[in-house]
Amino acid sequence: MRKKIVAGNWKMNTLVSQGKALAEELNAFMKTYDMPEGKLVIIGTPFTHLSTCVEAVDTKKIHVAAQNCSQFEKGAYTGEVAANMIKDLGVEYTIIGHSERRQYFGDTDEVIATKLAQCYANGLSPILCCGEKLEEREAGKHFEVIESQLRNALKDVSAENFKNTVVAYEPVWAIGTGKTATPDQAEEIHAFIRGLIAKLYDAKIADDTTILYGGSVNAGNAANLFAQPDIDGGLVGGASLKANDFISIIKAI
Ligand code: 13P
């Protein structure tokens, strides 16, 4: 059975003290909440917050993610953070290929493929993001764009490594805009992604893959999105910064 996941992506928000307070609030909730087997909560914090957040939570109940890692292993790469440095902190996941990194930081499909390789080599589970822009959807190219992003990112990824991967579908036009994809629109893409994974690997692996939806998920729309057969949870931006909203989304899973 595939895992259901509610993952927060804090992006470049909060000071360490604020992130710590948020992590502690979520931890206090999770301590008393009877989370069903096979359902996980992840918080994706800035690099500077990772250590503090790993210490602030019970990492069996709240898993910690970075939002990126270097495509290089180590060495003279000023300003970069290596996958093994992240892993060494007790972090289990990292977001890879978020559309904001594709847009602002040159994360091409090739770079994303090398970052995935670093994750697998260092025991970090990637949350691999894909998603089309508004103009691509309007031109009817959304399936094509998603397929190409995933095929390129995964072209050298073995089945064994892929099993440690979470996929996130985040239509760029829905991120931070308040314009959520409808449950039907999201489900259509999620089912397509699962079919593609079956072609790239096999039907069992596809069935076991967690595919998250991201893009203006909030306390009000989460339950309807999560009710879709191929939507296995959410990657939540803005609403993950408010403990009460994120807790409502956790309850919706
Ligand atoms: P919002 O939930 O703020 O739209 O952000 C989604 C996202 O980009 C999560 O990675």
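Model, not experiment: these values are computed from the prediction. (Residues numbered from 1 in each chain as written. Predicted model: local features only at pLDDT ≥ 70, side-chain atom pairs only at ≥ 80, totals over all residues. Heavy atoms only, no water.)

1. A short note on the layout of surface pockets
Alright, step 1. One number sums up the size of the largest pocket: a volume of about 480 Å³.
Alright, step 2. Residue lining of the largest pocket: 15 residues in total, with Lys 11, Met 12, Gln 67, Arg 101 and Phe 105 positioned closest to the centre.
Alright, step 3. Classifying every residue of the lining of the largest pocket gives seven nonpolar, five polar and three charged.
Alright, step 4. Lining the second largest pocket are 17 residues, with Lys 3, Lys 163, Asn 164, Thr 165 and Thr 210 positioned closest to its centre. (1 Å grid on protein atoms, 1.4 Å probe; cavity = no way out; pocket = protein on both sides within 12 Å on 5 of 7 lines; lining within 4 Å. Points joined across faces, edges and corners; volume = space filled by probe spheres on them. Nonpolar A, V, L, I, M, F, W, Y, C, P; charged D, E, K, R; others polar.)

2. Looking at the pairing of strand S3 (residues 62-66)
Alright, step 1. Counting buried residues in S3 gives five out of five residues, a clear majority hidden from the surface.
Alright, step 2. On S3, burial covers both faces: Ile 62, Val 64 and Ala 66 on one face and His 63 and Ala 65 on the other are all buried.
Alright, step 3. Relative to S3, strand S2 (residues 39-44) is paired through four bridges, and the arrangement is parallel. Bridged to Val 41 within S3 is Ile 62.
Alright, step 4. The β-α-β motif built from S2, the intervening helix H2 (residues 50-56) and the parallel element S3 has right-handed crossover chirality.
Alright, step 5. Summarising the sheet, S3 and strand S4 (residues 93-96) pair through two bridges and their orientation is parallel. Residue pairing across strands places Ala 66 opposite Thr 94, the latter belonging to S4. (Buried < 20%, exposed > 50% of the residue type's maximum accessible area, 1.4 Å probe, protein only. Helix = DSSP H or I, 4+ residues; strand = E, 2+ residues; numbered from the N terminus. Pairing = 2+ DSSP bridges. Right-handed = clockwise from strand over helix to strand, strands pointing away.)

3. Here's the deal with the nonpolar core
Alright, step 1. In terms of nonpolar packing, the biggest core is built from 64 residues, with Ile 43, Leu 150, Ile 193, Ile 197, Tyr 213 and Phe 226 touching the most fellow members.
Alright, step 2. Apart from the residues lying within four places of it in its own chain, the contact partners of Ile 43 are Gly 8, Trp 10, Ala 23, Leu 26, Cys 53, Ile 62, His 63, Val 64, Ala 65 and Phe 246.
Alright, step 3. Among the nonpolar cores identified, the runner-up in size contains 13 residues, and Ile 5, Ala 7, Leu 40 and Leu 235 belong to it. (Core = buried A, V, L, I, M, F, W, Y, C linked by side-chain atoms within 4.5 Å. Contact = heavy atoms within 4.5 Å.)

4. Thoughts on the environment of Ala 239
Alright, step 1. By the secondary structure assignment, Ala 239 is in the loop between strand S8 (233-236) and helix H12 (243-252).
Alright, step 2. Taking the relative accessible area as the measure of exposure, Ala 239 reaches 10% and is therefore buried.
Alright, step 3. Here the alpha-carbon distance between Ala 239 and Asn 122, two residues 117 residues apart in the chain, equals 30 Å.
Alright, step 4. Filtering out sequence-adjacent residues up to four positions away, Ala 239 remains in contact with Val 217, Asn 218, Asp 245, Phe 246 and Ile 249.

5. Quick look at the pattern of salt bridges
Opposite charge on two side chains permits them to pair, given that their charged atoms come into close proximity.
Alright, step 1. All told, the structure shown has 14 salt bridges when counted by the stated rule.
Alright, step 2. For Asp 109, the salt bridge is made with Arg 102, and the minimal N-O distance between the two is 2.8 Å.
Alright, step 3. Connected via shared salt-bridge partners are Arg 2, Arg 194, Asp 207, Asp 230 and Asp 232. (Salt bridge = Lys/Arg side-chain N within 4 Å of Asp/Glu carboxyl O.)

6. Focus on the site of the ligand
Alright, step 1. Around the ligand sit 13 residues in total, of which His 98, Glu 170, Gly 176, Ser 216 and Gly 238 are the nearest.
Alright, step 2. Side-chain polar atom of His 98 to an oxygen atom of the ligand: 2.8 Å apart, as the coordinates give it.
Alright, step 3. Between the ligand and Glu 170, the relevant distance is 2.8 Å, taken from an oxygen atom to a side-chain nitrogen or oxygen of the residue.
Alright, step 4. Protein burial of the ligand: of its 310 Å² of free accessible surface, 95% is covered by the chains.
Alright, step 5. Considered class by class, the residues forming the shell around the ligand number four nonpolar, seven polar and two charged. (Near = heavy atom within 4 Å. Polar contact = N/O pair within 3.5 Å; in protein donor to acceptor, adjacent residues only side chain to side chain. Areas by Shrake-Rupley, 256 points an atom, 1.4 Å probe, with all protein chains shown as cover.)

7. Here's the deal with the sheet that holds S3
Alright, step 1. The sheet built from eight strands closes into a barrel, its strands ordered S1-S2-S3-S4-S5-S6-S7-S8 with parallel pairing. Neighbour to neighbour, the strand axes of the sheet diverge by 25° on average, direction disregarded.
Alright, step 2. In the sheet, strand S1 (residues 4-9) pairs with S8 via four bridges, with the strands oriented parallel. Paired with Ala 7 across the bridge in S8 is Leu 235.
Alright, step 3. Against the sheet, helix H7 (residues 142-154) contacts strand S5 (125-130) and strand S6 (166-169), and its axis sits at roughly 150° relative to S5.
Alright, step 4. The sheet strands contacting helix H9 (residues 183-200) are S5, S6 and strand S7 (211-214), and the helix crosses S7 at an angle near 150°. (Axes fitted to C-alpha atoms, helices over the stretch in contact; angles between N-to-C directions.)

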